[in-house]
Structures are given as structure tokens and as C-alpha cells.
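Coordinate inspection notes
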Amino acid sequence: MMNSKYPSYEIINHTADLGIIVKGRNIRELFVNAANAMIDLMVKADIHDKGATRNLIVEGQDLPDLMVRWLSEILYLFNGEHKLVRAIEIGSISSTRLQSELNVVSLNRTRHEILREIKAVTYHQISVEETPDGWEARVIFDI
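Below you will find a few notes about this structure. (Residues numbered from 1 in each chain as written. Predicted model: local features only at pLDDT ≥ 70, side-chain atom pairs only at ≥ 80, totals over all residues. Heavy atoms only, no water.)

**Describing the overall build of the chain**
Definition in use: By definition, any uninterrupted DSSP run of H or I lasting at least four residues is a helix, any uninterrupted run of E lasting at least two residues is a strand, and each is numbered from the N terminus. Only protein chains enter the calculation, and the probe is 1.4 Å; a residue is then buried if its accessible area is under 20% of its type maximum, exposed if over 50%, and partly exposed in between.
Along the backbone of the chain there are two helices and 10 strands. Going residue by residue from the N terminus, the α and β elements of the chain occur as β-β-α-β-β-α-β-β-β-β-β-β. On the principal axes, the C-alpha backbone points of the chain span a range of 40 × 35 × 30 Å. Considering the chain as a whole, with its 143 residues, one finds that 46% of them fall into the buried category.

**Concerning the environment of Asp46**
Position of Asp46 among the secondary structure elements: in the loop between strand S3 (43-44) and strand S4 (52-59). Separated by 66 residues in the primary sequence, Asp46 and His112 have C-alpha atoms spaced 7.7 Å apart.

**Some words on unusual backbone geometry**
The general pattern is negative phi for most residues beyond glycine and trans for most peptide bonds. In this model, His82 sits at a positive phi of 55 degrees, which is unusual for a non-glycine residue. For His82, the position within the fold is in the loop between helix H2 (63-79) and strand S5 (83-93). In the Ramachandran plot, Gln125 falls in the positive-phi region, its phi being about 60 degrees despite a non-glycine side chain. Mapped onto the elements of the fold, Gln125 is located in the loop between strand S8 (120-121) and strand S9 (127-131).

**Overview of the environment of Asn33**
Which entries qualify depends on this criterion: Note on contacts: a residue pair qualifies if any of its non-hydrogen atoms lie within 4.5 Å across the two residues.
As for its placement among the helices and strands, Asn33 is situated in helix H1 (residues 27-42). Between the alpha carbons of Asn33 and His82 there is a distance of 21 Å; along the sequence they are 49 residues apart. Those residues in contact with Asn33, other than ones at most four positions away along the chain, are Ser8, Val22, Lys23 and Gly24.

**Things to note about the pattern of salt bridges**
Note the cut-off: When a carboxyl oxygen of Asp or Glu lies within 4 Å of a side-chain nitrogen of Lys or Arg, that pair is called a salt bridge.
Scanning all chains against the criterion turns up five salt bridges. Between Arg97 and Glu59 there is a salt bridge, and its shortest N-O distance comes to 3.3 Å. Here Arg97 is found in strand S6 (residues 97-106), whereas its partner Glu59 is found in strand S4, with 38 residues between them in sequence. Take Arg97: its relative accessible area is 33%, and that puts it in the partly exposed class.

**Topic: the nonpolar core**
Just so we agree on the cut-off: For our purposes a nonpolar core is just a set of buried Ala, Val, Leu, Ile, Met, Phe, Trp, Tyr and Cys residues, chained together by side-chain atoms within 4.5 Å.
Ranked by size, the top nonpolar core spans 48 residues in total, and within it Phe31, Met67, Trp70 and Leu71 carry the most contacts. When contributions to this core are tallied by element, the ones reaching two or more residues are strand S2 (17-24), H1, S4, H2, S5, S6 and strand S10 (134-142). It is H1 that contributes the most residues to this core, 11 residues altogether. Among residues more than four places away in sequence, those in contact with Met67 are Leu30, Phe31, Ala34, Ile126, Val128, Ala137 and Val139.

**Focus: the sheet that holds S6**
Applicable threshold: Should DSSP find at least two bridges between two strands, the strands are taken to pair. Axis lines are fitted to C-alpha atoms, over the contacting stretch for helices. Their N-to-C directions set the angle, which ranges from 0 to 180 degrees.
What the three strands build is an open sheet, ordered S4-S6-S5; its pairing is antiparallel. Two strands close off the open sheet at either side, each with one partner strand: S4 and S5. Shown here is a sheet whose adjacent strand axes are inclined to one another by a mean of 25 degrees, direction ignored. Here S4 pairs with S6 via eight bridges, running antiparallel. Paired with Ile57 across the bridge in S6 is Gln99. With respect to the sheet, H2 is in contact with S4, S5 and S6, its orientation differing from that of S4 by roughly 150 degrees.

Structure, rendered in C-alpha cells:
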């Protein structure tokens, strides 16, 4: 669930932008944690509503490109369709393709507090790497 007591990401300083370093025990968890981190940065929401199911397939050249495209799709749902992702289940993932099922609710500005605007997910300093402890990604957002 979003806004957890022990986030799986940390904010990093970056001039005029916002960056995060995200961790996961495996590649699936890394991509879920990255999406949840971005959502946590944009909105404070305690979501109890049962949302609608959306299937999302994203393709990329490699894992860093896949991460940027994945987060860009989640960001589009928020900014473009005013949908807030409530839950994520990744069905399959490879270095070039991710298939997921999202549970989304309509953004309600009276119940969901907007914390900051994220304009875009950038390729600047993007990295997705396996580490001895699992997986780690570095992502910079244009705010």
C-alpha cells in the first residue's frame, strides 16, 4: 500500500528536478516500488475504494528504457486521465517487456491531497541494476 511507514525508496537531491533511488528484492518488486514511490511523491491518499482493473503492457529497448516508459505510463494515467493507481500486479517482466494489471481509482482532489506535480520521467542518469541485495534503480523526474 502507498504511503507506507517504511518506504522502499529514498529521495536524492538534483538541481531543478527530483530524483529517487528505489530498491526491490527482485525485478518485479523494483518496478512496483518505483511506481508506488512516484505516486507517493505526487499525492497523499488513503485509498479504500475498490477501483477498476486496467491491463498495461509496456515495451522498451532495455531495463532502463522499460523503467522510464513504465513510469511514464503511470504518470500519464495520473496527469492525463486523472486516475490514481491503487494496486499493481506484474504478471510478467523481461528486459524489454512488462505486462501488468493495475487497479485504478478516479482522482478526487477533495480526498486526495496533491503534494507536487511531476511533469515527466527523464532518461537523465537512469539506471536499473542488480545488486548483491536485490535490485536498484535511479530515476530523475522533471518537476
